[in-house]
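# Working through the structure, step by step
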Amino acid sequence: MLLKDKVAVITGGAGRNGLGYATAKMMAAQGARVAILDLAGAEPAAAAADLGPGHIGVVANVTDKAACEAAAVEVLTRLGRIDILFNNAGITQPRKTLDISAADYDAVMDVSLRGMLYMSQAVIPAMRAQKSGSIINTSSVSAQRGGGILGGPHYSAAKAGMLGLGRAMAREFGIDGIRVNAVTPGLIATDINKGLIPEDRMKGILEQIPLNRIGEPNDVAGCVVFLASDLAKYLTGVTLDVNGGMLI
Ligand code: NAD
């Protein structure tokens, strides 16, 4: 059991087809108790109940600082500690640069980047007090390619911002025993991109992926579990490119 006695908080974890839920399931199988955070409409309590007993669902909008703080207090009250934070909530919008409105920009930046900051601020005091913690952030290959297959430039910017913020946090909190790492998924089959890939683009997309397939949520979950675990205890500030070789 890689995560025995650990408590993990996973934002954007309620969607049964998503990266967050796949990670929640894998973490639970590795012995962790999991708090699934998500918007009310995503019904995080039901998702947590599906994981089995001992896991909890917490409603929180990660763009709301007070809600993040309240969520951390709720997890600490109900589960006693926080060892792992997986900042995974995100939204995307297919846009060209000239079409990005102020509201588009705010929406995309707020969920990925502001949400990462607020949730990290909410849990770090508890991690600091226990002198250990692992924070993993879901960035994207879009941050590295300067453009996603599906997301707009503001999405690339938000996801690149997560890498910068994460590395700065890794530097700042290493002394407190807190590790901060990232995953940059390539194209993974989840609800976020459902219906957005036209059939006639698929062949061209697969030609860019040496492993010749779209990723599955568990491909990402395995890397997140690794980063969360003591197997990665000397890793901080790193980025795992979970993309089937797209950047080779
Ligand atoms: P998803 O849509 O299933 O997951 C996103 C989750 O975030 C949902 O459960 C949603 O309810 C939640 N969420 C949205 N706004 C929120 C908010 N304000 N507060 C709290 N929760 C909120 O899609 P996914 O593919 O599993 O996405 C997970 C993460 O992976 C996202 O950050 C996404 O940008 C990133 N990502 C996905 C891919 C891919 O190809 N699927 C590739 C690279 C990165």
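First, a word on scope: everything that follows refers to the structure included in this document. Keep in mind it's a predicted model, so treat the numbers as computed, not measured. (Residues numbered from 1 in each chain as written. Predicted model: local features only at pLDDT ≥ 70, side-chain atom pairs only at ≥ 80, totals over all residues.)

### Here we look at helix α2 (residues 44-51)
- Among the residues of α2, P44, A47, A48 and L51 are the ones counted as buried. Projected onto a plane normal to the axis of α2, the buried residues spread over an arc of 100° and lie on a single side.
- Summarising the contacts, the buried residues of α2 are in contact with α1 (19-29), β2 (33-38) and β3 (56-59).
- Of the residues flanking the end of α2, it is G52, one or two places downstream, whose phi is positive at about 115°. (Buried ≥ 20, exposed ≤ 12 C-beta atoms within 10 Å, placed from the backbone. Helix = DSSP H or I, 4+ residues; strand = E, 2+ residues; numbered from the N terminus. Arc of directions from axis to C-beta. Contact = placed C-beta atoms within 7 Å.)

### Description of the pairing of strand β6 (residues 178-183)
- Most of β6 is tucked away: six of the six residues are buried.
- Burial of the side chains of β6 extends over both faces: I178, V180 and A182 are buried on one face and R179, N181 and V183 on the other.
- Relative to β6, strand β5 (residues 133-138) is paired through six bridges, and the arrangement is parallel. Residue pairing in the sheet places S134 in a bridge with R179 of β6. (Pairing = 2+ DSSP bridges.)

### Some words on unusual backbone geometry
- At K131, a residue that is not glycine, the phi angle is positive and equals roughly 60°.
- Position of K131 among the secondary structure elements: in the loop between α4 (102-130) and β5.
- Even without being a glycine, N212 presents a positive backbone phi close to 60°.
- Tracing the sequence through the fold places N212 in the loop between α7 (199-207) and α8 (217-228).

### Side note on the sheet that holds β2
- Taken in spatial order, the seven strands line up as β3-β2-β1-β4-β5-β6-β7 in an open sheet, and their pairing is parallel. Across the chains shown, the open sheet's two edge strands, defined by having one partner strand only, are β3 and β7 (239-240).
- Together, β1 (7-11), β2 and β3 form the strand contacts of helix α3 (residues 65-79), whose direction differs from that of β3 by roughly 160°.
- Contacting β1, β4 (84-87), β5 and β6, α4 crosses the sheet at an angle of about 175° to β4. (Axes fitted to C-alpha atoms, helices over the stretch in contact; angles between N-to-C directions.)

### Details of the packing of α4 against helix α6 (residues 153-173)
- Taken N-terminus to C-terminus, the directions of α4 and α6 make an angle of 15°; their axes are 8 Å apart at the nearest point. Judged by the angle between their axes, α4 and α6 are roughly parallel. Classified by chirality, the crossing of α6 by α4 is right-handed. Residues D104, Y105, V108, M109, S112, L113, M116, L117, S120 and I124 of α4 lie in contact with α6, whose contacting residues are H154, Y155, A158, K159, G161, M162, L165, M169 and F173.
- When the residues that make up the contact of α4 with α6 are grouped by side-chain class, the tally is 13 nonpolar, four polar and two charged. (Parallel < 35°, antiparallel > 145°, perpendicular 65-115°, else oblique. Left-handed = near helix turned anticlockwise from the far one by under 90°. Nonpolar A, V, L, I, M, F, W, Y, C, P; charged D, E, K, R; others polar.)

### Focus on the nonpolar core
- If you look at the biggest cluster of nonpolar residues, it comprises 66 residues, and the most contacted ones within it are A8, V9, V34 and V224.
- With 10 residues, α4 is the single largest residue contributor to this core.
- Excluding its chain neighbours within four sequence positions, the residues that come into contact with A8 are M27, A32, V34, D83, I84, F86 and A228. (Core = buried A, V, L, I, M, F, W, Y, C linked by C-beta atoms within 7 Å.)

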